[in-house]
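Coordinate inspection notes
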Amino acid sequence: MGLRERLGLEAGRTSPEKGDQKAGEKSSGNGHSSPMSKKVNPLSRRARGDSLTALERIKLDLHRKVIEAVDLEELNKIEDEATLKDEIRAATLELLGEENVELSTIQRDRIIEGIFYEITGLGPLEPLFRDPDITDILVNGPHQVFIERKGKLKETDINFRDDSHVMVVIDRIVSRIGRRIDESSPMVDARLPDGSRVNAIIPPLALDGPMVSIRRFGARPLLIEDLLNNVTLTQAMAYLLEGCVQAKLNVLISGGTGSGKTTLLNALSRFIGKAERTVTIEDAAELVLQQEHVVRLETRPPNAEGRGEVVQRDLVKNALRMRPDRIIVGEVRGAEALDMLQAMNTGHEGSLTTIHSNSPRDALSRLETMILMAGTNLPDRAMREQIASALDVVIQVSRLSDGTRRRVTSICEIVGMEGEVVTMQEIYQFERMGVSPDGDVIGRFRPTGVRPTFAHKLEVSGVEMPTEMFDQSAYHMVEPPAKDDSGDDHQKSSADELVGTERWS
């Protein structure tokens, strides 16, 4: 049975209204019918003084009729998107044919597409997900939607009808993963089926209406080759980090919001052995590891009675009983930092995690603060000894001021303790040298000339560490992207390539 039949629409048959009144015509009590019964200009921005245009009113009325009449269970059985869209299109055209309204082909297609998105997707936001270049979708209330494309924020012409329309989309997102959002719990972290991260906050905390922030992830996780093509790091740096993961060094990835911490963590996970059992712990699952033996754990917020909450610290403790070879915490931000460090110190080597911080030194300071959040009364020296013995490498990832490029700006080794201070030494750094007239950052990747003390561990694990990798003269110049005749951006690098990098790829 087609969707039109399930809606009760048959050839030559109108909707079952009283008398000869057609669907969509409602008496106002004064002899006038609704705008649907008249020939109106759908492009009128303020029909009858209301905030909705006539075109939006038509779409809203048709959407309501389709939702009221359709059998949603039957609708969900249609798995093919093209078939589903054809059914909804046919049913909507049938309803439009019963209304005395003039619409152009473009306007009619726009209404049909909008109804399809309202029924099956995220409403007005759905077209944005069809654009792979959009990395962030930011909804600031019903009448303001921003996107980020290639590192630049831009306002769109997309609007919701009102606050309740935004709430419908939010509820659709959070209900899929068993989360809830209401006045008693006005904030939520969720995820979409494609792995995109969603944060929503609603009134009374959000003063201008419901707010939604969506951080999108590509359909395919970026590999280390993709990061090399984007000049996020050099071949020598990638080779070093590959060796660190294979030799089971404990790695902390530090950076700001949107700097690419999770992307780098996903890329490095490729080097974890296939025979190893990896447990991931996250607030909202984002990691897409490339191994077969992966156990994914996710925190749980409290229920309506304020009970049943499971935080990252609980999951870290539980993970220790799951026979993990490696533990990956998506991001440490609280008391779980202490349990994570203790796990690294008690035989769970090769663990990886991320942290929000502006520099490698700040990352260690933040870890100290998080240990204090665990309620322990450890002396400063004891905390720093825990950090120094647990972590081996700190990687700093930054989003440059031009907004379009991410760079691994520093790779540091934690050497040990010197008095009361955790000592670090930088192995690689990205040196900023200026800004082009177009605002692009000019700089170079260069070794500091320091050979890491963990090089012996890598060599024992079968990873060769050539001396040339750490030669200060083997720098890699990064210049602004050049445009070819087609107008596409291409990253331009100088001829000062690293010596012998083909041996390490």
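Preceding this section is the structure that the text describes.
A few points on the structure. Everything quoted here is computed from the prediction, not taken from an experiment.

In contact at an axis separation of 9 Å, helix 12 (residues 336-345) and helix 14 (residues 380-390) are set at 50° when each is read in the N-to-C sense. Of the possible angle classes, the one that applies to helix 12 and helix 14 is oblique. Crossing angle aside, the handedness with which helix 12 passes helix 14 is left-handed. Taking contact as the criterion, the partners of Leu341, Gln342, Met344 and Asn345 in helix 12 are, on helix 14, Gln386, Ile387, Ser389 and Ala390. Split into classes, the residues belonging to the contact of helix 12 with helix 14 amount to 4 nonpolar, 4 polar and no charged.

Under the 1.5 Å per step criterion, the end-to-end length of helix 7 (residues 163-175) is 18 Å for 13 residues, consistent within 8% with the ideal 18 Å. Buried within helix 7 are the following residues: His165, Val166, Met167, Val169, Ile170, Ile173 and Val174.

Okay, the nonpolar core next. Grouped together as the largest cluster of nonpolar side chains are 45 residues, with contacts concentrated most on Leu240, Leu268, Ile395, Ile411, Tyr428 and Met465. By residue number, the principal contributor to this core is helix 9 (residues 235-246), which donates 8 residues. What Ile395 contacts, discounting residues up to four positions off in sequence, is Leu241, Val251, Leu252, Ile253, Ser254, Leu264, Leu268, Val408, Ser410 and Ile411.

Turning our attention to the environment of Asp162. Counting through the fold element by element, Asp162 comes out in the loop between strand 3 (152-155) and helix 7. In the structure, Asp162 is positioned 21 residues away from Gly141 in sequence and 8.3 Å away in space, judged by C-alpha atoms.

This part takes up unusual backbone geometry. Here Pro203 and Pro204 are connected by a cis peptide whose omega angle stands at 10°. Secondary-structure assignment places Pro204 in the loop between strand 5 (197-201) and strand 6 (211-215). Phi at Lys248 takes a positive value of approximately 65°, unusual for a residue other than glycine. Turning to its location among the elements, Lys248 is positioned in the loop between helix 9 and strand 7 (251-255). For Arg323, which is not a glycine, the phi torsion comes out positive at approximately 55°. Examined against the element boundaries, Arg323 turns out to sit in the loop between helix 11 (312-319) and strand 10 (326-329). Its relative accessible area of 57% is what places Arg323 among the exposed residues.

This next bit is on the side chain of Glu286. You can see Glu286 is positioned in the loop between strand 8 (278-282) and strand 9 (294-298). If we skip the residues at most four places from it in the chain, Glu286 touches Arg197, Phe217, Thr262 and Asn266.

Rules behind the numbers
- Residues numbered from 1 in each chain as written.
- Predicted model: local features only at pLDDT ≥ 70, side-chain atom pairs only at ≥ 80, totals over all residues.
- Heavy atoms only, no water.
- Axes fitted to C-alpha atoms, helices over the stretch in contact; angles between N-to-C directions.
- Helix = DSSP H or I, 4+ residues; strand = E, 2+ residues; numbered from the N terminus.
- Parallel < 35°, antiparallel > 145°, perpendicular 65-115°, else oblique.
- Left-handed = near helix turned anticlockwise from the far one by under 90°.
- Contact = heavy atoms within 4.5 Å.
- Nonpolar A, V, L, I, M, F, W, Y, C, P; charged D, E, K, R; others polar.
- Expected span 1.5 Å × (residues − 1).
- Buried < 20%, exposed > 50% of the residue type's maximum accessible area, 1.4 Å probe, protein only.
- Core = buried A, V, L, I, M, F, W, Y, C linked by side-chain atoms within 4.5 Å.

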